[in-house]
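So the chains spell out like this:
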Amino acid sequence: MTRSAPTPRELLTIAVEVARDAAATAYRMRAEGVSVAATKSTVTDVVTAADRAVERQVLGALAELRPDDAVLGEEYGEGEVREAPSGVRWIVDPIDGTVNYLYGLPHSAVSLAAEVDGVVVAGVVRNVSTGEEWTATAGGGAWHDGERLRGSTETDLGQALVATGFGYDPKRRAHQARVVAELIPHVRDIRRLGAAALDLCLAAEGRVDAYFEKGLAAWDQAAGGLVASEAGLRVAGLGGLPAGPDLVIAAPPALFAPLHDRLAALDASGGP
């Protein structure tokens, strides 16, 4: 079998097309009214009918456009494609920021990334409410609606606006709250906006100076993480570990080390 070798730009073109259609569906369904379809880890960790409908739409579109690719989605796992002869896997969060979406807060997004042989090479994050769009390709930079992104120029952690998020398990939230309570005297302020993919994009744009969070899944950070790293931010975990469920830190090089050290001292990757 001849294996295809799509370029990151080719994969991004597909990702943007699929994500725009998916975001339009999510926007329409929100206008029509949404309801909780199920809960996941806790009763506050909701899934709406729109989450499921949007992910089915993305899976269907990718099956038509790239039938030999694998798909990892938040709601349906590996979807219908278990093997990837092409070496390409798509990672989709149909609606990142579901609680915001449910409440009508304008901070939710469709996140879609493509990885080749396990490395994310293209990604798009599109705000469902505003239509703002962030894109990146490996080695090709990060962009917001046509503008190249280069992250914050802040160098003093004490003047940094830092975004974060909380999990749904009460014990984890309590640990994360303690971390934030100890961190906030050492930064300008904290923002908790409720959608990891968008938070990573805002950090890439410099609309917040840095971001960290424990408990992110692959679909939460795949596209946004690429946008942040291509904007020049360092995206990693603690102690030289890669970004992952234990912790994701995204910050410009000048802020990464002091933020990392402060979070390490506060055991930000610990707890439940």
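Model, not experiment: these values are computed from the prediction. (Residues numbered from 1 in each chain as written. Predicted model: local features only at pLDDT ≥ 70, side-chain atom pairs only at ≥ 80, totals over all residues. Heavy atoms only, no water.)

Draft legend 1. Quick look at unusual backbone geometry. A positive phi angle is found at Asp117, which is not glycine, with a value near 50°. The exposure class of Asp117 is exposed, given its relative accessible area of 55%. Even without a glycine there, the phi angle at Asp145 is positive, about 50°. Looking at where Asp145 falls in the secondary structure, it is placed in the loop between strand E8 (141-144) and strand E9 (147-148). (Buried < 20%, exposed > 50% of the residue type's maximum accessible area, 1.4 Å probe, protein only. Helix = DSSP H or I, 4+ residues; strand = E, 2+ residues; numbered from the N terminus.)

Draft legend 2. Representation of the environment of Leu72 within the structure. Turning to its location among the elements, Leu72 is positioned in strand E3 (residues 70-73). Note on Leu72: relative accessible area 12%, which makes it buried.

Draft legend 3. Highlighting the sheet that holds strand E10 (residues 161-164). Read from one edge to the other, the open sheet built from 5 strands follows the order E11-E10-E12-E14-E13, with strand pairing classed as mixed. Of all the strands in the sheet, the pair left with one neighbour each is strand E11 (189-192) and strand E13 (234-236). The average angle at which neighbouring strand axes cross in this sheet is 15°, direction not considered. Bridging between E13 and strand E14 (residues 248-251) involves 3 bridges; their strand directions are antiparallel. The residue of E14 that forms the bridge with Val235 is Ala250. Lying over the sheet, helix H5 (residues 196-205) contacts E10, strand E12 (210-213) and E14, oriented at roughly 155° with respect to E12. (Pairing = 2+ DSSP bridges. Axes fitted to C-alpha atoms, helices over the stretch in contact; angles between N-to-C directions. Contact = heavy atoms within 4.5 Å.)

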